[in-house]
Amino acid sequence: MIVVTGATGNVGRALVATLAAAGEQVTAVSRQAAQVPDGVRHHRADLDDPASLRPALDGAAALFLLVAGGDPHAILKEAAGVGRIVLLSSQGAGTRPEVYRHPVQYEEAVRESGADFTILRPGGFASNSFAWAESIRTTRTAAAPFGDVGLPAIDPADIAEVAAAVLREPGHAGRTYELSGPAPVTPRERAAAIGAALGEPVRFVEQTREEARAQLLQVMPEPVVEGTLAILGTPTAAEQAVSPDVERVLGRAPRAFADWAARNVAAFR
């Protein structure tokens, strides 16, 4: 049995569906009630309350773990006996560990757990563009800073497929996979791709750094905001690089941002 935490998120929802379609026995874990595919068991738990995970983990062979909750060691104590753990970490754990301390702590705890582990380090998600959904629906505009700085955003569906493969197949123990899309895409190009999917132009509005900072501070702590803006505005070579790891695991190239936009265009209508 495979346990998937964060089962209602952009990656978790797709991962649950992929595993269920492959015939796996799956327990989907989320903080709130959720609709899950037929045959999937749902369990409500909060990673800030590790004991709440205990019933979901009973008899589990593998665990897909989010970086959520304050005490990774307590979570992994509850998961003692689970033979395989796949951690959804962050690219920032490798490129900016001084900022992305929470993912680093989770990676350290997973490595010390005694289980076979694999760490997934995606960069920015294509689904971050959902932040534009309301403004595109209402005014056909999209605002972001650093409009011409490209990063290889990854489709969450690709992360889910990689996670499913790593959870089900041998040969991935001890590996850390950097996950990216197939090419760097700028915010201006992302807005244009959504416009192409809509069949109507989307006007891109370039924010100042301070405007973006004020917006991000509403949803992120200040150190993470500063790290995020640094990645968006002055990315390192590693953060702009296209990784071969999606193709290495799946045997195909990662999906382009335009593919994500076409599949999710209803959110922007």
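Structure: see above.
Just so it is clear, the structure is predicted and the values come from calculations on it, not from any experiment. (Residues numbered from 1 in each chain as written. Predicted model: local features only at pLDDT ≥ 70, side-chain atom pairs only at ≥ 80, totals over all residues. Heavy atoms only, no water.)

Peer 1: For this particular structure, what's the right way to read the nonpolar core?
Peer 2: Taken as a class, soluble globular proteins show a tendency for nonpolar side chains to be buried jointly. The biggest cluster of nonpolar side chains holds 28 residues, and the ones touching the most others in it are V4, L15, L19, F64, L120, L167 and L179. Residues contacting L15, with those up to four places away along its chain left out, are V4, F64, A160, A163, A164 and L167. Within the second largest apolar cluster, 23 residues are counted, among which are V3, A79, V110 and F117. (Core = buried A, V, L, I, M, F, W, Y, C linked by side-chain atoms within 4.5 Å. Buried < 20%, exposed > 50% of the residue type's maximum accessible area, 1.4 Å probe, protein only. Contact = heavy atoms within 4.5 Å.)

Peer 1: Explain the packing of helix α9 (residues 209–216) against helix α10 (residues 222–233) here, please?
Peer 2: Following both chains from N to C, one finds α9 and α10 inclined at 140 degrees, their axes separated by 10 Å at the closest point. By the angle between their directions, the pair α9 and α10 is classed as oblique. Where α9 crosses over α10, the handedness of that crossing is right-handed. Residues R209, A212, R213 and L216 of α9 pack against E222, V225, E226, T228 and L229 of α10. Looking at the contact of α9 with α10 residue by residue, the class counts come to four nonpolar, one polar and four charged. (Axes fitted to C-alpha atoms, helices over the stretch in contact; angles between N-to-C directions. Helix = DSSP H or I, 4+ residues; strand = E, 2+ residues; numbered from the N terminus. Parallel < 35°, antiparallel > 145°, perpendicular 65-115°, else oblique. Left-handed = near helix turned anticlockwise from the far one by under 90°. Nonpolar A, V, L, I, M, F, W, Y, C, P; charged D, E, K, R; others polar.)

Peer 1: Mind showing me how you'd approach the side chain of T228 here?
Peer 2: Within the fold, T228 resides in helix α10. With a relative accessible area of 15%, T228 lands in the buried category. Ignoring sequence-local partners within four residues, the contact set of T228 consists of Y100, L216 and M220.

Peer 1: What's the story with the pattern of salt bridges in this structure? I'm lost.
Peer 2: Side chains that differ in sign of charge can pair as their charged atoms come close. Taken as a whole and assessed by the stated rule, the structure comprises 19 salt bridges. R209 serves as the salt-bridge partner of E210, at 4.0 Å between the closest nitrogen and oxygen. Judged by its relative accessible area of 34%, R209 falls in the partly exposed class. Several salt bridges share partner residues, and in doing so they unite R209, E210, R213, E222 and E226 into one network. (Salt bridge = Lys/Arg side-chain N within 4 Å of Asp/Glu carboxyl O.)

Peer 1: Sorry, what's going on with helix α8 (residues 187–198) here?
Peer 2: An α-helical segment advances 3.6 residues per turn. Residues three or four places apart therefore align on the same side. Over its 12 residues, α8 extends 17 Å from the first C-alpha to the last, a length consistent with the 16 Å expected when each residue adds 1.5 Å. When we look at burial in α8, the residues that qualify are P187, R190, A191, A193, I194, G195 and L198. Contacts from the buried residues of α8 go to α6 (133–139), β7 (141–145), β9 (203–207) and α13 (257–263). Once α8 finishes, G199 follows within two positions and takes phi at roughly 80 degrees, a positive value. (Expected span 1.5 Å × (residues − 1).)

Peer 1: Got a minute to help me understand α10 in this structure?
Peer 2: In this model α10 runs 16 Å from its N-terminal to its C-terminal C-alpha over 12 residues, within 8% of the 16 Å that 1.5 Å per residue would give. Listing the buried residues of α10 in full gives V225, G227, T228, L229, A230, I231 and G233.

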